[in-house]
Amino acid sequence: MTDMTVKVEGMTCAACVARVEDALGELPYVSGPSVNLAGETARFDIDDPAHLAETAAALAKAGYPVVTDEVDLHVEGLVDAAAVSAVESALLSRPGVISASANPASDSARVTFAAGALRPSEIAQVVTDTGYPAELRSGGTLDLDARKEAETARLARLTILAALLTLPVFVVEMGGHLIPAFHDWVHATIGMQTSRIGQFLLTLVVLVGPGRRFYTKGIPQLLRGTPDMNSLVAVGTLAAFGYSTLATFVPAIFPAGTANVYFESAAVIVTLILFGRWMEARAKGRTGEAIRALMNLAPKTAMVERDGETREIPTSEIAPGDVILTRPGESIAVDGEVLSGTSYVDESMVTGEPVPVEKSPGDAVTGGTVNTTGALRITATRVGADTVLAQIVRLVEQAQGAKLPIQSLVDRITRIFVPVVMSIAVLTVAIWLILGPDPALSLALVAGVAVLIIACPCAMGLATPTSIMVGTGRGAELGVLFRQGDALQKLEGVRVVAFDKTGTLTQGQPELTDIVTHDADETDVLRLAASAESQSEHPIARAIERGAAARGLTAPAPTDFRALPGFGLKADVEGHAVLIGAERLMSREKIDTAPLAETAAKLADLGKTPLYVAIDGALAAALAVEDPIKETTPAAIATLHRMGLEVAMITGDAKGTAEAIAKRLGIDHVTAEVLPRGKVKAIEALRDAHGTTAFVGDGINDAPALAAADVGLAIGTGTDVAIGAADAVLVSGELSGVTTAFHLSRQTMRNIRQNLFWAFGYNVVLIPVAAGALYPLLGVLLSPMLGAFAMAMSSVFVLTNALRLRFVKVPT
């Protein structure tokens, strides 16, 4: 299955989300559809990318077309049908491509693709990779952000136009109700019938002009039997307009005293809802600011050395191996390695850490970070979609499109919400006609229209996804990437946080501190140990190598190296069999450690990590390394305790070492001397004893534990395997990111509950009020115009509340 995310047009409320998910769910080649109203996206798995065209057709039939873009390519070598077939097949197999047509007569190809799913340069590369060189001729210029801005501006114009047309209708009709003298003046000057005809004409223009979108979308959905919010507005305003039109031109058909007009209600409802859509569009635009800020970090162009000269080229054209010149104050274009020059680079926009980092030749730099002081010449290593920044954007987009478990109840309700509201409106009209006082027909119309207009499925649909979008975006700004959106909800329920030690609680750069030999020469032992460790990825290996280098020793190349995860390693060096590892490795290999056991225990009590070295099957030495605790670790653990969380440490290190460090840091639970499988069992034990458990780690050994925990948090400076197994990634590598993740989770879930409380409470309370629940007691009947204002503002409230998450601070 291939994961696909596409932009979908026409979604305005939670009912629309349900319709899109239903349309996707009916397709046999699509599974797991998840639709995001705030982001206007649909995410799903598809068994073959070639089915995307049929998927797009199904969504268009349902009334929610996929946003598409087109490119024209110049293709070399299209000499026969086989070449055409090869090019078209390659394009259609690419996720995101909807249709492709190659033309050998013009050496061209036209490709239609889901907007945002691919870059034009990627499409051209797909064709080139088939053996037919292609270059972009035109197209691929659709800017989704500009498209949103244009829609917001259009809504503003429509709202203003509708308001100008509605104002005379409102003043004439409502002014006459509120000020009898004004009513008499209108009657005496232009006449009541002329006034009504004028209101009819102005309202008609409002409905067929600015308000046309409600009818072109709402009526077809109603006829399909899948009404949405547009349907509610369309039915409500048409009912008011139709009744008023009949009362204006054929008043005799109505009982005495009921031939009233409600043109102002229809016009004001359309105007207010357009105003709400305008405010909603503006707020929606701000929910995605974090993504846009990330995407704008990398410069659009860069100075690249080619053919003996330095020239400015688009960043998209940079290839691995290119040498890029980055001057002070400029953003680094792509990931690379410093070739020459020294400078300080501000990495805060990627890592969340405010202090610039010194870079010199050989150091890695990340695209999107800012060079502050000196000029750097950088060799490009990763470009395009492979850069760290591109991967961060992709992770955030995936998390923003996720559905939290809390959303499941909302989905069940919204699938039946609009039909239920329409049924309530019909029932309301019937009750008023049967039991209402005179003029019952007029009162029934007012109550029925108010019910239709005040109901707001939009607020329910926006309540969760807007908070997720803003929350995960803010997390990215603070250096916390949620790979899985539901990790936001899971983190809130965590009761105990377990940490790996090396590279997580500690700096991961231990230093060799002690060498105690047993019937062996210290220099020989260290030289052979450094040689064996040279093939290992473990931080302890680097410490032993640095210790040997500091003594001026040269380590020969090992042969037959083998890592033993959780135990240590073995290797052949200059004909000697070398074993390095914990006491359990020696026990497994039947090597007696008694001569150095007391020494190792003393070293462990000091918080150091003891290791044994055996050469040719005999104990040779005990080594000790000490890994300094990260500066941010004590504060992070103290903050977690203040948050009410228990803290545990699970490590493969010696028990004495682990307990010494745990005592210094105030850690509640310690599990030491465990293999990767043992870490999983330790997490299961913590879960059984305390509840939902999170695990924080960084190494290959941590991947099983990260996957087994309810929530896995990977240190971003760790290995790709660990990061791939995690639910969230702490980009900076500092443990302050753990407290930030928990704080952000709690704030986001609180925000979601506030939104859901408002969205559901609003509808539960105000729909009965609109139906006339207060009339028997207070003689009050809600005006449809007030209902329209309340409905428009409810969505704006939800969005505005979600936007508060942009200002979440790092806990201290």
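Every value quoted in this text rests on a predicted model; they were computed, and no experiment measured them. (Residues numbered from 1 in each chain as written. Predicted model: local features only at pLDDT ≥ 70, side-chain atom pairs only at ≥ 80, totals over all residues. Heavy atoms only, no water.)

Colleague: What's the story with the UniProt feature "transmembrane region" (unreviewed entry) in the protein chain in this structure? I'm lost.
Modeller: Per the UniProt record, "transmembrane region" (unreviewed entry) is annotated on residues 155-179, 185-208, 229-254, 260-279, 416-435, 441-464, 756-775 and 781-803. Summarising residues 185-208: 92% helix, 0% strand, and an end-to-end C-alpha distance of 30 Å. For the annotated span residues 441-464, helix accounts for 92% and strand for 0% of the residues, and the straight-line distance between the end C-alpha atoms is 40 Å. (UniProt positions renumbered as here; feature names shortened; annotations may be inferred. Helix = DSSP H or I, 4+ residues; strand = E, 2+ residues; numbered from the N terminus.)

Colleague: It is not clear to me how the side chain of Thr593 should be interpreted in this structure. Could you clarify?
Modeller: Examined against the element boundaries, Thr593 turns out to sit in the loop between α21 (583-588) and α22 (594-605). Discounting chain neighbours no more than four positions away, the residues touching Thr593 are Glu583, Met586, Tyr612 and Leu619. (Contact = heavy atoms within 4.5 Å.)

Colleague: What's the story with empty space enclosed by the protein in this structure? I'm lost.
Modeller: Rolling a probe over the atoms, with the probe sized like a water molecule, indicates the empty space that remains. Evaluation of the coordinates by the stated rule reveals 3 cavities of 30 Å³ or more. Considering only enclosed or pocket space, the second largest cavity measures out at about 40 Å³ in volume. As for the second largest cavity, its lining consists of Met229, Ile273, Gly276, Arg277, Glu280, Cys458, Met791, Ala792 and Ser795. At the level of elements, α10 (263-287) and α30 (784-803) are the ones that each hand at least two residues to the lining of the second largest cavity. No other element matches the 4 residues that α10 contributes to the lining of the second largest cavity. Among the residues making up the lining of the second largest cavity, the classes are represented as 5 nonpolar, 2 polar and 2 charged. (1 Å grid on protein atoms, 1.4 Å probe; cavity = no way out; pocket = protein on both sides within 12 Å on 5 of 7 lines; lining within 4 Å. Points joined across faces, edges and corners; volume = space filled by probe spheres on them. Nonpolar A, V, L, I, M, F, W, Y, C, P; charged D, E, K, R; others polar.)

Colleague: Looking at this structure, I do not really get the packing of aromatic side chains. What am I missing?
Modeller: Given two aromatic rings, one states the distance between the centres and the angle between the planes to describe the pair. This structure, assessed with the given rule, holds 8 aromatic pairs. With a centroid separation of 6.1 Å and an interplanar angle of 65°, the aromatic rings of Phe200 and Phe263 are classed as edge-to-face. One end of the pair, Phe200, is in helix α7 (residues 192-208); the other, Phe263, is in helix α10, with 63 residues separating them in the sequence. One exposure class covers both Phe200 and Phe263, and it is buried. The structure contains a cluster of three or more aromatic residues connected by ring pairs, namely Phe200, Phe241, Phe249 and Phe263. Of note, Arg588 hangs over the ring of Phe567, and the distance from its end group to the ring centre comes to 4.6 Å. (Phe/Tyr/Trp six-rings, centres within 6.5 Å; stacked < 30°, edge-to-face > 60°. Buried < 20%, exposed > 50% of the residue type's maximum accessible area, 1.4 Å probe, protein only. Lys NZ or Arg CZ within 6 Å of the ring centre and 35° of its normal.)

Colleague: I would appreciate a short explanation of the UniProt feature "domain: HMA" (unreviewed entry) in the protein chain in the present structure.
Modeller: The positions that UniProt labels "domain: HMA" (unreviewed entry) are, in the present scheme, residues 2-67 and 69-135. The straight-line gap between the two end C-alpha atoms of residues 2-67 is 19 Å; of that span, 33% is helix and 29% is strand.

Colleague: Please clarify how the environment of Ala802 should be interpreted in this entry.
Modeller: Relative to the helices and strands, Ala802 is located in helix α30. In this structure the C-alpha to C-alpha distance between Ala802 and Thr464, which are 338 residues apart in sequence, comes to 8.8 Å. Among all residues touching Ala802, those that are not within four sequence positions of it are Thr466, Ser467, Val470, Asn751 and Asn755.

Colleague: For this particular structure, what's the right way to read the sheet that holds strand β8 (residues 301-306)?
Modeller: For sheets, the rule is that strands pair by backbone hydrogen bonds, running either parallel or antiparallel. Pairing is antiparallel in the open sheet, where 6 strands are placed in the order β9-β8-β10-β16-β11-β14. If you trace the sheet from one side to the other, it starts and ends with β9 (309-314) and β14 (364-365), each paired once. (Pairing = 2+ DSSP bridges.)

Colleague: Looking at this structure, how should I read the packing of helix α8 (residues 212-223) against helix α9 (residues 229-249)?
Modeller: When two helices pack together, their arrangement is given by the angle between their axes and by how far apart the axes lie. Closest axis-to-axis distance for the α8/α9 pair is 7 Å, and the angle between their directions is 105°. With respect to their mutual orientation, α8 and α9 come out roughly perpendicular. Residues Phe214, Tyr215, Lys217, Gly218, Ile219, Gln221 and Leu222 of α8 pack against Asn230, Ser231, Val233, Ala234, Val235, Thr237 and Leu238 of α9. (Axes fitted to C-alpha atoms, helices over the stretch in contact; angles between N-to-C directions. Parallel < 35°, antiparallel > 145°, perpendicular 65-115°, else oblique.)

Colleague: So what exactly am I meant to see when it comes to unusual backbone geometry here?
Modeller: Across the chain, the bulk of peptide bonds are trans and the bulk of non-glycine residues have phi less than zero. Following Asp438, the chain continues into Pro439 via a peptide bond in cis, with omega recorded as -10°. You can see Pro439 is positioned in the loop between α14 (407-435) and α15 (440-454). Positive phi values are uncommon outside glycine, yet Glu574 reaches one of about 50°. One can find Glu574 in the loop between β21 (568-573) and β22 (576-581).

Colleague: Even after reading the chapter, I still don't get the environment of Val208, so can you show me in this structure?
Modeller: Looking at where Val208 falls in the secondary structure, it is placed in helix α7. Through-space distance from the C-alpha of Val208 to that of Asp307 is 62 Å; in sequence the pair is 99 residues apart.

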